[in-house]
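Understanding the architecture of this molecule
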Protein chains: 2
Amino acid sequence: MPVSEKATETQTAYYRVRQAILAEELLPGQRLVEKELAERFGLGRAAIRTALARLEQEGLVKSEPFRGATVRAIDEAEAVEILEARAALESLAARYAARKATPEQVRHLEDILQRMQARYEAGDLLGMSELNSELHQRLLEIAGHRTAARLIESLRAQNVRHQFRTILVPGRSRRSLEEHRRIVQAVAAHDEEKAAQAMLEHLSQVAEALRQSAALTTPQPPSPILEEA
Amino acid sequence: MPVSEKATETQTAYYRVRQAILAEELLPGQRLVEKELAERFGLGRAAIRTALARLEQEGLVKSEPFRGATVRAIDEAEAVEILEARAALESLAARYAARKATPEQVRHLEDILQRMQARYEAGDLLGMSELNSELHQRLLEIAGHRTAARLIESLRAQNVRHQFRTILVPGRSRRSLEEHRRIVQAVAAHDEEKAAQAMLEHLSQVAEALRQSAALTTPQPPSPILEEA
DNA sequence: GTCAACTACATTGTCAACAATATTGTAGAC
DNA sequence: GTCTACAATATTGTTGACAATGTAGTTGAC
């Protein structure tokens, strides 16, 4: 039963292109010409092709018949929508995490929280952001709700570009730390309702910060070039 | 600017295969051999291939390298997970619907509800189920939350096979009618919190009915043939 | 100069052949 | 009889060529 180990070209194409989009090497609105990508990654056009189909289904790429694919551009309004959907699903996951967390897992969460506090006191916003992601990721693992996890991961990927804006809002990091503390406390106490509520509150605050950030940085220069169907 | 009107083969392949899965012409666990599907639908293998890739990303198909694709089998536990995720998202959508519904839209909802009542009194469970779907669909349109709508549609498709089980649970149709009435009333009153709560309650009840139904109809014959990674 | 029709080009969509892998069947050793 | 090694087959993965479509540029009429 020689089960295949090495990845097929299509798979690597999917991960490479996806990674390039998430790393912002490929920017929103940018055309994704199959031949170019194939040469860039040293893969066949067919592999790139199916990778683009998958990425379109995932919401990272937009494609029109005979006109090619582009990195999907997500405006502020949609970013808020995505955050709201994430909030609903992560709230569910937090409820599960509160139900199922073992003492060891709780200790791990508290450890992350402590490191977050340290980064905050050091004024290291980027480090905080990383621990933020780690905390959310860990909560998903504890929850063990694979359906929710899959959807959340997809939503997170779509919003990666907007994620960093929020940490710059004045006073946001302090409140963020406090919100995460409430989540962890609720999970540690196995208080499902409180955990769900705390997570909902947290991500609603992030959405609010995003709205503020967008209002500040973007005085709405209406770009009629990129259309959204 | 002759913009393409007729669908490309890949698109039709996607819709045809998807439809066949949803109509249960292709059953869970069944192998999806590219050549067979191509002949069945009169399409090229390439079109089928990318369609399968999209369907895998959507969660309707499971595929392993060099071993082919199958219709993904969803067991009872996962069906409950999917319903929980749907509940979280539709609750969000109901909140939006309550915020944005116009008087005309409210009248339309109430009309559907009345027809549901009529079907209930006539003992027409299938007719009720259709109106059920229509009501949920209409709420999504009123909400205008495209991100949530996309995810919900995907989840609904995955659960289509389990959907019909619940309506057979004794007394379920009566309670379902009542739950829907509460939702519509909250939306009509523009009470966002109440609408969200009512929708959450409703789908939680559906999940509960599903658990009961599964416990009754399936005395757990452990089938070690189909594995879930 | 502006517009329409036409041509040339770039890119995507489709097809058929070939390579790589898994699965099944067969023969032989013990 | 059972197991292993090997051959045969079926299916998927990949490649290259060709067709279909959209886009840009060019020419000509007015």
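Residues numbered from 1 in each chain as written. Chains lettered and ligands numbered in written order. Predicted model: local features only at pLDDT ≥ 70, side-chain atom pairs only at ≥ 80, totals over all residues. Heavy atoms only, no water.

Scanning the model with the defined rule gives two aromatic pairs over all chains in all. Ring geometry for A:Y14 and A:Y15: centres 5.2 Å apart, planes at 70°, overall edge-to-face. Accessibility expressed as a relative area gives 5% for A:Y14, which makes it buried. Looking at A:Y15, the relative accessible area reads 54%, which means it is exposed. A cation sits over an aromatic face here: B:R99 above B:Y96, 4.6 Å from the ring centre. (Phe/Tyr/Trp six-rings, centres within 6.5 Å; stacked < 30°, edge-to-face > 60°. Buried < 20%, exposed > 50% of the residue type's maximum accessible area, 1.4 Å probe, protein only. Lys NZ or Arg CZ within 6 Å of the ring centre and 35° of its normal.)

Attention now moves to the environment of B:E110. Residue and element names in this part refer to chain B. On the secondary structure map, E110 appears in helix α5 (residues 103-121). Sequence-wise, E110 and A93 are 17 residues apart; in three dimensions their C-alpha atoms are separated by 18 Å. Beyond its immediate chain neighbours, meaning those up to four positions away, E110 contacts V184 and A188. (Helix = DSSP H or I, 4+ residues; strand = E, 2+ residues; numbered from the N terminus. Contact = heavy atoms within 4.5 Å.)

If you rotate chain A by 180° and push it 0.0 Å along the axis, it lands on chain B with an RMSD of 0.0 Å. Expressed as an axis order, the relation between the two copies is that of a two-fold axis. Interface residue correspondence from chain A to chain B reaches 100%, placing this contact among same-surface, isologous pairings. (Least-squares fit on C-alpha atoms with pLDDT ≥ 70 in both.)

All names here are of chain A. Segmenting chain A into domains produces domain 1 (9-71) and domain 2 (76-217). A separation of 29 Å is found between the C-alpha centroids of domain 1 and domain 2. On the domain 2 side, the residues contacting the eight residues of domain 1 number six residues. Carbon and sulfur atoms supply 53% of the area buried between domain 1 and domain 2, which totals about 580 Å² over both sides. Among the residues domain 1 hides against domain 2, the three largest losses belong to L22, E24 and E58. Together they make up 54% of the total. Our count for the domain 1 to domain 2 interface comes out at two salt bridges. Taking the shortest distance from any N to any O, the salt bridge between R18 and E153 comes out at 3.3 Å. Put simply, domain 1 and domain 2 have three residue pairs in polar contact (both at pLDDT 80 or more) between them. For the side of domain 1 that touches domain 2, the residue count by class is four nonpolar, one polar and three charged. (Domains from an automatic or database assignment. Buried area = accessible area lost by both parts, 1.4 Å probe. Salt bridge = Lys/Arg side-chain N within 4 Å of Asp/Glu carboxyl O. Polar contact = N/O pair within 3.5 Å; in protein donor to acceptor, adjacent residues only side chain to side chain. Nonpolar A, V, L, I, M, F, W, Y, C, P; charged D, E, K, R; others polar.)

By a widespread convention, an interface's size corresponds to the accessible area lost as its parts come together. Listed per partner, the contact involves 29 residues of chain A and 29 residues of chain B. Carbon and sulfur atoms supply 55% of the area buried between chain A and chain B, which totals about 2700 Å² over both sides. There are two salt bridges connecting chain A and chain B. Of the charged contacts, one joins B:E78 and A:R150 as a salt bridge, the two residues approaching to 3.4 Å between their closest N and O atoms. Where chain A meets chain B, there are 16 residue pairs in polar contact (both at pLDDT 80 or more). Secondary-structure elements contributing two or more residues to the side of chain A that touches chain B are α1 (9-22), α3 (45-58), α4 (76-100) and α7 (146-158) of chain A. Counting residues per element, the side of chain A that touches chain B draws most heavily on α4(A), at nine residues.

The next thing to look at is the sheet that holds strand β2 (residues 61-64) of chain A. Residues and elements named next belong to chain A. Reading across from one edge, β1-β3-β2 is the order of the three strands in this open sheet, with antiparallel pairing throughout. Two strands close off the open sheet at either side, each with one partner strand: β1 (31-32) and β2. Pairing of β2 with strand β3 (residues 68-71) involves four bridges; the strand directions are antiparallel. The partner of V61 across the bridge, within β3, is V71. (Pairing = 2+ DSSP bridges.)

This next bit is on the sheet that holds strand β1 (residues 31-32) of chain B. The pairing of strands in a sheet happens through backbone hydrogen bonds and is either parallel or antiparallel. Residues and elements named next belong to chain B. Reading across the sheet, the three strands line up as β1-β3-β2 and stay open at both edges, with antiparallel pairing between neighbours. The outermost strands of the open sheet, each flanked by one partner alone, are β1 and β2 (61-64). Across two bridges, the pairing between β1 and strand β3 (residues 68-71) is antiparallel. Following the sheet pairing, R31 is matched in β3 by T70. Contacting β1, β2 and β3, helix α3 (residues 45-58) runs over the sheet at an angle of about 115° to β2. (Axes fitted to C-alpha atoms, helices over the stretch in contact; angles between N-to-C directions.)

Right, let's get into the pattern of salt bridges. All names here are of chain B. Here the structure, examined in full by the defined rule, presents 41 salt bridges over all chains. Residue R18 pairs with E58 through a salt bridge whose shortest N-O separation is 2.7 Å. Of this pair, R18 sits in helix α1 (residues 9-22) while E58 sits in helix α3, and the two are 40 residues apart along the sequence. In this pair, the class of R18 matches that of E58, namely buried. As a salt-bridge pair, R211 and E84 come within 4.0 Å of each other at their nearest N and O atoms. Of this pair, R211 sits in helix α10 (residues 192-217) while E84 is found in helix α4 (residues 76-100), placing the two residues 127 residues apart along the sequence.

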